Amino acid sequence: MADALICLTCGQYFEPHTDDESIDEDLVISNLLNIIINNSIHTKEPIRDSSLTGAEWVTELRSGHSDRIYEAFRMERFVFNKLWQTISKYFSKVLNAMLQLAREMIKPPLFDMVPKEIKDNPKHFPYFKDCIGAIDGTQVSATLPENKQIPFRGRKQITTQNVMCACSFDIKFTFVYAGWEGSANDCRIFSTALETPRLEFPHPPPGKFYFVDSGYPTRDGYLTPFKGERYHLNDYRGRRNQPRSTKELFNHRHSSLRNVIERSFGALKNRFPILCKMRSFSFRKQALIVIACCAVHNFIRDHQIADKNLAYYANPNIAASTHTSATIDDEGSSNQVTQIDIIKKNIANQLAKDNQLPLI
């Protein structure tokens, strides 16, 4: 026998055995052949390596050769299509049921109570005791025919719908307005929501307010940050980047509370991948799916205490915002002073007094 054996398939090295050893040459050769046969049968390469998504793959099967459907699902094409129609029918029924649930689950916050997340935090109480939530918009995936895609393409050149939401500080949605083109301006959506009675937007009572970012107009009941100053949480990371002025301190506290809407969006999209890869339903149905997902999100928030997804996004220190600018634009030339401007200045000066900073 040769001085040594090397498997040409796997490259393993085998020492020969002498007559004095307990294992004879037949056993060595048998093991070697087993390795060769095993490696020749089980080819180590991907099998399910299609570049298509699940929905695209099924669409290809339905429009391709009928034998492919049988090979994939062990049923004839007419049976599969019948099941497909049944699933589509009941999907619509379930979606309608979820929209009924939305009427119960997506409700305004309690305006006469100070949110626990503010009351229990000395950095926020009593300064922001009159805040009832936060408002912002988010981009949700949208699928449309090619001839209708242009208004739905935003900065990233993908088709989306722009969804405006309000939320409370316990990461629950209190208002959802879906169905706008991805390129639609946030201010336009915001104004329409506030001025259209049938949408039943939960307007803040006198003296109360929502947090909004600098992209929204200055109007009573909606507290924006100081412009021309650092704002986003990441801008204040590290000891050297702590607030250095009264306006920066206000912006930092404002951002840390308004961040709840970003975290709510993060929890929603992490739980429902369809919001990042929407299927080819009618656009109206795509908008309704967003509302249904928000309703289920709130239901889980109310009834499932131990939820890893919500536990992660409930952490106020998570900077879930996708904004990247270090400062926000200057105030502009408007000299009109509104009630919300007075509230903002009073809160900023309260913070300044308690942190030994100059008043504004």
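Keep in mind it's a predicted model, so treat the numbers as computed, not measured.

About the thresholds
- Residues numbered from 1 in each chain as written.
- Predicted model: local features only at pLDDT ≥ 70, side-chain atom pairs only at ≥ 80, totals over all residues.
- Heavy atoms only, no water.
- Phe/Tyr/Trp six-rings, centres within 6.5 Å; stacked < 30°, edge-to-face > 60°.
- Buried < 20%, exposed > 50% of the residue type's maximum accessible area, 1.4 Å probe, protein only.
- Lys NZ or Arg CZ within 6 Å of the ring centre and 35° of its normal.
- Core = buried A, V, L, I, M, F, W, Y, C linked by side-chain atoms within 4.5 Å.
- Helix = DSSP H or I, 4+ residues; strand = E, 2+ residues; numbered from the N terminus.
- Contact = heavy atoms within 4.5 Å.
- Axes fitted to C-alpha atoms, helices over the stretch in contact; angles between N-to-C directions.
- Parallel < 35°, antiparallel > 145°, perpendicular 65-115°, else oblique.
- Nonpolar A, V, L, I, M, F, W, Y, C, P; charged D, E, K, R; others polar.
- 1 Å grid on protein atoms, 1.4 Å probe; cavity = no way out; pocket = protein on both sides within 12 Å on 5 of 7 lines; lining within 4 Å.
- Points joined across faces, edges and corners; volume = space filled by probe spheres on them.
- Salt bridge = Lys/Arg side-chain N within 4 Å of Asp/Glu carboxyl O.
- pLDDT = per-residue confidence, 0-100.
- Pairing = 2+ DSSP bridges.

Visitor: Just to check I follow, could you spell out the packing of aromatic side chains for this structure?
Guide: Ring pairs (aromatic) are described by centroid distance and by the angle formed between their planes. Applying the stated rule across the entire model yields 17 aromatic pairs. Measuring from centroid to centroid gives 6.0 Å for F209 and F211, while their planes differ by 70 degrees, and the two rings are edge-to-face. Take F209: its relative accessible area is 2%, and that puts it in the buried class. Taken together, the ring pairs connect F175, Y177, W180, F190, F201, Y210, Y216 and Y222 into an aromatic cluster. Here K344 stacks its cationic end above the ring of F226, 4.9 Å away from the centre of that ring.

Visitor: Looking at this structure, I do not really get the nonpolar core. What am I missing?
Guide: Proteins that are soluble and globular tend to have nonpolar side chains buried together. Within the largest apolar cluster, 47 residues are counted, with the highest numbers of intra-cluster contacts made by F128, F211 and I347. A per-element tally of this core places helix α8 (residues 283–303) first, with 8 residues. Look past the residues within four positions of F128 in its chain and what remains in contact with it is I118, F211, L223, F250, R253, H254, L257, I347 and L351. Listed in part, the 18 residues of the second largest apolar core include I132, A166, I189 and V212.

Visitor: What should I look at first to understand the packing of helix α7 (residues 246–271) against helix α10 (residues 339–354) in this one?
Guide: Working note: a packed helix pair is described by the angle between its axes plus the distance between those axes. With their axes 9 Å apart at the nearest point, α7 and α10 run at an angle of 105 degrees to one another. Classed by the angle they form, the pair α7 and α10 counts as roughly perpendicular. Contacts between α7 and α10 pair T246, L249, F250 and R253 from the former with K344, I347, A348, L351 and A352 from the latter. For the contact of α7 with α10, the residue count by class is 6 nonpolar, 1 polar and 2 charged.

Visitor: Can you walk me through the packing of α7 against α8 in this structure?
Guide: At a minimum axis separation of 10 Å, α7 and α8 run at an interaxial angle of 105 degrees. Between α7 and α8, the crossing angle belongs to the class labelled roughly perpendicular. Of the residues in α8, those in contact with S264, A267, L268 and R271 of α7 are C293, C294, H297 and I300. Its residues assigned to classes, the contact of α7 with α8 comprises 5 nonpolar, 2 polar and 1 charged.

Visitor: I would appreciate a short explanation of the layout of surface pockets in the present structure.
Guide: By rolling a water-sized probe across the atoms, one finds the places where empty space is left. Roughly 750 Å³ of volume is contained in the second largest pocket. In the lining of the second largest pocket, the residues fall into 12 nonpolar, 3 polar and 4 charged.

Visitor: How do you make sense of the pattern of salt bridges when you look at a structure like this?
Guide: For side chains bearing opposite charge, pairing can occur when the charged atoms are close. All chains considered together, the criterion is met by 9 salt bridges. A salt bridge links K129 to D130; the shortest N-O distance between them is 3.4 Å. The partner of R271 in a salt bridge is D307, with the nearest N and O atoms 2.6 Å apart. Placement of the pair is R271 in helix α7 and D307 in the loop between α8 and α9 (308–313), with a sequence separation of 36 residues. Taking relative accessible area as the criterion, R271 reaches 23% and is therefore assigned partly exposed.

Visitor: Looking at this structure, I do not really get the confidence of the model for the chain. What am I missing?
Guide: It should be kept in mind that the predicted coordinates are not to be read in detail where pLDDT is low. The pLDDT averaged across the chain works out to 86; a share of 84% of its residues lies at or above 70. Between residues 1–11, whose pLDDT stays under 50, and residues either more than four places distant or in other chains, the model counts 24 contacts.

Visitor: Before we go on, may I ask you to explain the pairing of strand β5 (residues 173–181) in this structure?
Guide: For a regular strand, side-chain orientation follows a simple rule: the groups alternate between the two sheet faces. Counting buried positions along β5 gives 7 out of 9 residues, so the element sits mostly inside the fold. The sheet contact formed by strand β4 (residues 160–167) and β5 spans 6 bridges and is antiparallel. What sits directly across from C167, in β5, is F173. The turn linking β4 back onto β5 is made up of 5 residues, and I171 within it adopts a positive phi angle of 60 degrees.

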